[in-house]
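# A closer look at the structure
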Amino acid sequence: MVLQMKDPIEHSCAEHIRIWGAKEGHSTPDCGNCRIKKQPNKMALLCAAALLCVLCSMDALQYSELAQYIDSHQEEYVEALRDWVAIESDSSNILKRPDLHRMMDVTAEKLRRMGGDVVMVDIGEQELPGGQMLALPKVVTAHFGNDSQKHTVCVYGHVDVQPAKLEDGWRTEPYNLTEIDGNLYGRGASDNKAPVLAWIHAVEAYQALNMELPVNVKFVIEGMEETGSNGLDAMILAQRDTFFSDVDFIVISDCGWLSKRPALTYGTRGNCYFFAEVEGPTQDLHSGVYGGTVIEPMTDLIGILDTLITPSGKILIPGIREAVAPLTDEEWKMYQDIDFDFDYYKSKIGVAQLMYNNKVDLLAHRWRHPTVTIHGIEGAFSDPGTKTVIPAKVTGKFSIRQVPDMDPAMVKKQVTDYLQSVFAKRKSPNKLKVTMVIGAKPWLADTKHSLYDAGKAAVKRVFGVDPDLIREGGTIPIARTFQDVTGKSIIMLPIGGFDDGLHSQNEKMSRYNYIEGTKLFIAYLHEVAQIKKSV
Ligand SMILES: C[C@H](N)C(=O)N[C@@H](Cc1c[nH]cn1)C(=O)O
Ligand SMILES: [Zn+2]
Ligand SMILES: [Zn+2]
């Protein structure tokens, strides 16, 4: 119908937009964006897109200028990511703590140079297992815009990373960003440095084009996410009535899509991380000289770790499985409707078989069932070669990803009681100490909230498709605190690819996702600005 209208008047300000004059007697079509019948003579046709009313077309015009700006500055964005990846901001390695402090300084400086109201919040110290105290990296908060008529969106992200060494099997130096076939390889590229930069660049683009931000934007950037966000809960609580008092919504982009289709994430699993330390002789012993006469800590440890989960994935700790709500029909239907290629999934991670061979079970066990993972054993001999030693003290490290209805305090008790009872049955003279070092809660959002409508519209604008609504198997420790303490709604808006290799060798962010992701954030801010502001 639109294309039959006569006499297009060329609009001079943008090659993409033509204003169409609706002639008397012609029916007035609906705006393709807001769907409201707008005034005659005030309709515009966006090239290759929908018919739009003038307000929406101005918005489209502004978006298209911003998107062009992003495209033409992409080399700078890649360089910015290169600089950030070069900083070994590994929060789990205390020797890297100076790098982590530098990473926070660099982040703060970037936001300061953009004119943000930046504060580096001191969140105190952490106690190390030996009792020593170590300064936590400061949390960077920043504020752009202060218009009470607008919504205030708070973007949370982290700039610390997981450990990485070339000898772990990386094809490129992990801290030297390397582009191969459109992918930017480097530790922290996807988790979470590029997404944080993309948010910053989104704000920077408005500034460079002298455009007003459609919402006020606040940032909370931390440096301890990968070790459980130590100190951040207390900071949020302390600033609930100050920094967070005018925040309307929280946006987090610290996860990935499920497939090549963009996604909105509405849930994360929690994580309870345990150390199980078994201590025996006062020092390591020769296995030939002493083997067969001492009860070995490593044998005890492996024995008790083996009682946590069966080979088919059934968790054996009493009370854990019982706490989980069964899958609802609605969830079953949602999972069933998601496009998911089993074979591709297997081939990408290099396995011949998975724990489940139907889509719904697989997604359910990735997102909304708990699982146990054994990560490693500190004190065990793990170097190349054949050292013949009986390790005197070993610490098994494992974690339990939890889901709604499970609670870290309860999980801690269930795990400790169970392991102590299993250990007692061994009648070993060695000592077992179980500690929970991270207790992060799961998070779940209401996908009917207008934040998700805004997300769908933004994805449609940038990628031309509807997003998948997904959950994340990983944990964003602070998500639940944000929700509980501020009472505000959260959306997770991922831009990472499904195959980015977070936490593993050869982590990458594709240039496409990085750049289009920056546009997505711009489109999202526009969409959030349309949400009716409650008074
Ligand atoms: C999903 C997010 N990018 C992430 O990787 N989070 C970590 C956080 C964590 C949990 N326990 C310790 N750190 C993760 O899920 O492993
Ligand atoms: Zn992350
Ligand atoms: Zn991570």
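The sections below set out a description of the structure shown in this document. This is a predicted model, so every value here is computed, not measured. As a convention, each chain's residues are numbered from 1 in the sequence order in which they are written. Numbering of ligands from 1 and lettering of chains from A proceed in the order in which they are written. pLDDT decides what is reported in this predicted model: residues at 70 or higher carry local features, side-chain atom pairs at 80 or more are listed and counted, and totals for whole chains, interfaces and linings draw on all residues regardless. Computation of side-chain values covers all heavy atoms of the structure but excludes hydrogens and water.

### Considering the coordination of the zinc ion (ligand 3)
In this description, a donor is an N, O or S atom within 2.8 Å of the metal centre, a cutoff extended to 3.2 Å for sodium, potassium and calcium. Water is not part of the atom list, which can make sites seem incomplete. The coordination sphere of the zinc ion (ligand 3) contains the protein donors Asp191 (OD), Glu226 (OE), Glu226 (OE) and His503 (NE2), at a distance range of 2.0 to 2.5 Å. Positions of the donor residues of the zinc ion (ligand 3), expressed as sequence spacing, correspond to D-x34-E-x276-H. Here the zinc ion (ligand 3) and the zinc ion (ligand 2) are spaced 3.4 Å apart, linked through aspartate 191, which binds each one. Of this pair, aspartate 191 sits in helix H4 (residues 189-208) while glutamate 226 sits in the loop between strand E12 (216-222) and helix H5 (232-238); the two residues are 35 residues apart in sequence, bridging distant segments of the chain. Accessibility here uses a 1.4 Å probe with only protein chains present; expressed as a share of the type maximum, an area under 20% marks a residue as buried, one over 50% as exposed, and anything in between as partly exposed. Residue class for glutamate 226 comes out buried when judged on its relative accessible area of 15%. Numbering of helices and strands starts at the N terminus; helices are DSSP runs of H or I of at least 4 residues and strands are runs of E of at least 2.

### Things to note about the sheet that holds strand E10 (residues 178-180)
Here, any two strands with at least 2 DSSP bridges between them count as paired. In spatial order, the strands read E10-E11-E24; together these three strands make up an open sheet with antiparallel pairing. Both edges of this open sheet fall to E10 and strand E24 (508-510), since each of them pairs with a single strand only. Taking the axes of each pair of neighbouring strands and ignoring which way they run, one obtains an average angle of 30° across the sheet. Where strand E11 (residues 183-185) and E24 come together, three bridges link them in antiparallel fashion. To get an axis, a line is fitted to the C-alpha atoms, and for a helix only the part in contact is used. The angle between two axes follows their N-to-C directions and goes from 0 to 180 degrees.

### Points about the pairing of strand E14 (residues 263-268)
Judged by how many residues are buried, E14 sits mostly within the fold: six of six residues are covered. Pairing between E14 and strand E22 (residues 468-472): four bridges, direction parallel. Bridged to threonine 268 within E22 is glutamate 472. Examined bridge by bridge, E14 and strand E21 (residues 443-444) share two bridges and lie antiparallel to one another. Following the sheet pairing, glycine 267 is matched in E21 by leucine 444.

### So, the side chain of aspartate 191
Working convention for charge: Lys and Arg count positive, Asp and Glu count negative, and His plus the chain ends are omitted. For this document, the term salt bridge refers to a Lys or Arg side-chain nitrogen within 4 Å of an Asp or Glu carboxyl oxygen. We note that aspartate 191 is buried and unpaired, the nearest opposite charge coming from arginine 187 at a distance of 7.0 Å. Pairs of N or O atoms within 3.5 Å make up the polar contacts considered here, provided that, within protein, one atom can donate a hydrogen while the other can accept it, and that residues adjacent in sequence are counted only when both atoms are side-chain atoms. Side-chain polar atoms of aspartate 191 contact the side chain of histidine 158, separated by 2.9 Å. Contacts: residue pairs with any heavy atoms within 4.5 Å of one another. Setting aside residues no more than four positions away along its own chain, aspartate 191 makes contact with His158, Asp160, Val161, Glu226, Asp254, Leu502, His503 and Glu507.

### Looking at the nonpolar core
To define a nonpolar core, start from buried Ala, Val, Leu, Ile, Met, Phe, Trp, Tyr and Cys residues and group those joined through side-chain atoms within 4.5 Å. Ranked by internal contacts, the top residues of the largest apolar core, which has 110 residues, are Phe219, Phe482, Tyr514 and Tyr524. It is H4 that contributes the most residues to this core, 11 residues altogether. Setting aside chain neighbours within four positions, we find phenylalanine 219 in contact with Leu111, Val140, Thr141, Ala142, Phe144, Val155, Trp199, Ile200, Val203 and Phe243. Membership of the second largest hydrophobic core comes to 29 residues, among which are Met298, Ile315, Phe423 and Leu432.

### Some thoughts on the environment of serine 421
Counting through the fold element by element, serine 421 comes out in helix H11 (residues 408-426). Taking the C-alpha atoms as reference points, serine 421 and glycine 231, separated by 190 residues in sequence, lie 33 Å from one another. A polar atom in the side chain of serine 421 sits 2.9 Å from the backbone oxygen of tyrosine 418.

### Points about the site of ligand 1
For this purpose, a residue is taken to be near a molecule or strand whenever a single non-hydrogen atom of the residue falls within 4 Å of it. Residues in contact with ligand 1, as listed here, are Asp191, Glu225, Glu226, Asp254, Asn271, Arg401, Ile438, Gly474, Thr475 and His503. Within the contact set of ligand 1, an oxygen atom lies 2.9 Å away from a side-chain nitrogen or oxygen of histidine 503. Only the protein chains shown count as covering a residue, and every accessible area follows the Shrake-Rupley method with a 1.4 Å probe. Relative to its unbound accessible area of 390 Å², ligand 1 is 94% covered by the protein chains. Asp, Glu, Lys and Arg are counted as charged, while Ala, Val, Leu, Ile, Met, Phe, Trp, Tyr, Cys and Pro are counted as nonpolar; the rest, among them Gly, fall into the polar class. Classifying every residue of the shell around ligand 1 by side-chain character gives one nonpolar, four polar and five charged.

### Topic: the pattern of salt bridges
With the rule as written, the count across this model stands at 27 salt bridges. Across the salt bridge formed by glutamate 109 and arginine 112, the nearest N and O atoms sit 3.3 Å from each other. On the criterion of helical spacing, the pair formed by glutamate 109 and arginine 112 is a turn pair, its members being three residues apart in helix H3 (residues 97-113). A relative accessible area of 34% means that glutamate 109 is categorised as partly exposed. Assessed through its relative accessible area of 38%, arginine 112 is described here as partly exposed. Here the residues in one salt-bridge network are Lys348, Asp499, Asp500 and Lys508, joined through shared partners.

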